[in-house]
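# Remarks on the overall topology
The primary structure of each chain is shown beneath.
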Amino acid sequence: MDNGFVKVERKSILALILVAYKSFALSFQRQRGVISSERELLFLAFTGTLILFMANLPIQIIKSSTVIGVEPRIYIGLIGFVSFFFIPLFLYIVSTLLFFIFKFFKGSASFYDIRLALFWSLNVAGPLLILNGLLKGFFFNYEWIGYMSLIFNTFIAWIISSMLAAAEKFKSTLPTFFIAVAFLIIPQFMPLILS
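All right, on to the side chain of serine 121 then. Within the secondary structure, serine 121 sits in helix H6 (residues 111-124). In this structure the side chain of serine 121 is engaged in a polar contact, spanning 2.9 Å, whose partner is the backbone oxygen of alanine 117. Among residues more than four places away in sequence, those in contact with serine 121 are Leu116, Ile159, Ile160 and Met163.

So, on to the confidence of the model for the protein chain. Here the protein chain averages 87 in pLDDT, and 89% of its residues register 70 or above. Summarising per-element confidence for the protein chain, the mean pLDDT is lowest in helix H1 (residues 2-9) (44) and highest in H6 (96). Under a pLDDT of 50 for its full length, residues 1-9 has, in the predicted model, 6 contacts with residues more than four places off or in other chains.

A word on unusual backbone geometry. We note that lysine 106 has phi near 65°; this positive angle belongs to a residue other than glycine. As for its position among the elements, lysine 106 is in the loop between helix H5 (72-104) and H6. Classification of lysine 106 as exposed rests on a relative accessible area of 74%. The phi dihedral of lysine 169 is positive, around 60°, even though this residue is not glycine.

Another point: the layout of surface pockets. In this model, the largest pocket occupies a volume close to 1,100 Å³. In terms of lining, the largest pocket is formed by 32 residues, of which the most central are Val94, Leu118, Ile160, Ala180 and Phe183. Of all the secondary structure elements, the ones that give two or more residues to the lining of the largest pocket are helix H4 (38-64), H5, H6, helix H7 (126-138), helix H8 (144-168) and helix H9 (174-194). At 7 residues, H5 tops the list of elements feeding residues into the lining of the largest pocket. Residue classes in the lining of the largest pocket are distributed as 24 nonpolar, 7 polar and 1 charged.

So, on to H4. Taking 1.5 Å per residue, 27 residues should reach 39 Å; H4 reaches 36 Å between its end C-alpha atoms and fits that length. A bend of about 45° at leucine 57 is the largest found in H4, and the proline proline 58 appears one to four places after it.

Side chains of Phe81, Val82, Phe85, Phe86, Leu89, Ile93, Leu97, Ile101, Phe104 and Phe105 sit close together on the surface and give an oily, nonpolar patch of about 1,100 Å² of accessible area. By secondary structure assignment, the location of valine 82 is in helix H5.

Our next topic: the nonpolar core. Ranked by size, the top nonpolar core spans 38 residues in total, and within it Phe119, Trp120 and Met163 carry the most contacts. Secondary structure elements with two or more residues in this core: helix H2 (13-20), helix H3 (24-34), H4, H5, H6, H7 and H8. At 9 residues, H6 tops the list of elements feeding residues into this core. Apart from residues no more than four positions distant in its own chain, methionine 163 is found in contact with Phe24, Ser27, Phe28, Ala117, Trp120, Ser121 and Val124.

Following both chains from N to C, one finds H2 and H6 inclined at 90°, their axes separated by 9 Å at the closest point. Overall, the two elements H2 and H6 adopt an arrangement that is roughly perpendicular. Facing Ile13, Leu16, Ile17 and Ala20 of H2, the residues of H6 in contact are Trp120, Asn123 and Val124. The residue inventory of the contact of H2 with H6, partitioned by class, reads 6 nonpolar, 1 polar and no charged.

Rules and cut-offs
- Residues numbered from 1 in each chain as written.
- Predicted model: local features only at pLDDT ≥ 70, side-chain atom pairs only at ≥ 80, totals over all residues.
- Heavy atoms only, no water.
- Helix = DSSP H or I, 4+ residues; strand = E, 2+ residues; numbered from the N terminus.
- Polar contact = N/O pair within 3.5 Å; in protein donor to acceptor, adjacent residues only side chain to side chain.
- Contact = heavy atoms within 4.5 Å.
- pLDDT = per-residue confidence, 0-100.
- Buried < 20%, exposed > 50% of the residue type's maximum accessible area, 1.4 Å probe, protein only.
- 1 Å grid on protein atoms, 1.4 Å probe; cavity = no way out; pocket = protein on both sides within 12 Å on 5 of 7 lines; lining within 4 Å.
- Points joined across faces, edges and corners; volume = space filled by probe spheres on them.
- Nonpolar A, V, L, I, M, F, W, Y, C, P; charged D, E, K, R; others polar.
- Expected span 1.5 Å × (residues − 1).
- Bend = angle between axes of the 7 residues up to and from the residue.
- Patch = residues over 30% accessible without salt bridge, like charges linked within 9 Å, V, L, I, M, F, W, Y side chains within 5 Å.
- Areas by Shrake-Rupley, 256 points an atom, 1.4 Å probe, with all protein chains shown as cover.
- Salt bridge = Lys/Arg side-chain N within 4 Å of Asp/Glu carboxyl O.
- Core = buried A, V, L, I, M, F, W, Y, C linked by side-chain atoms within 4.5 Å.
- Axes fitted to C-alpha atoms, helices over the stretch in contact; angles between N-to-C directions.
- Parallel < 35°, antiparallel > 145°, perpendicular 65-115°, else oblique.

Here's what the structure looks like:
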């Protein structure tokens, strides 16, 4: 078992992400043993930011054609600028909120563990986030893309919930997962409820 752990440590971040799909909780535990500084956490926050930017890029390219008075190249540049300066800050704010919410529910993870779980889970979910963004960009006029996006987002919620539950040492991932899925589904049905 230790030899497998050493082999995984030496792999690139892309290989670590692929290995994480075998067990998200175990992947978090491995990263907990490897990542030990705030600088490494910040690197994960910035790679997560890059993933979120790339996932949002196809939709933003389509929206840029509808923005009157702004050249698409400048519009995308502004989105990139705002993303790289504010998304890492937003991720730290979300991890702070999660830390206090989990403390309210008797969570045992440190603030460092919550940040690591959130940032690493975004990196692991990166291929799904980017694929979802590409599909939404290429098939933006099709009705079925909303359902496909909901499926992708549900699986992404499972990845994030699994790692957060592993950080908190919860017995089950399901309560965290169901709450995350509720946050995904409620906005989808709000127009139906309000009409």
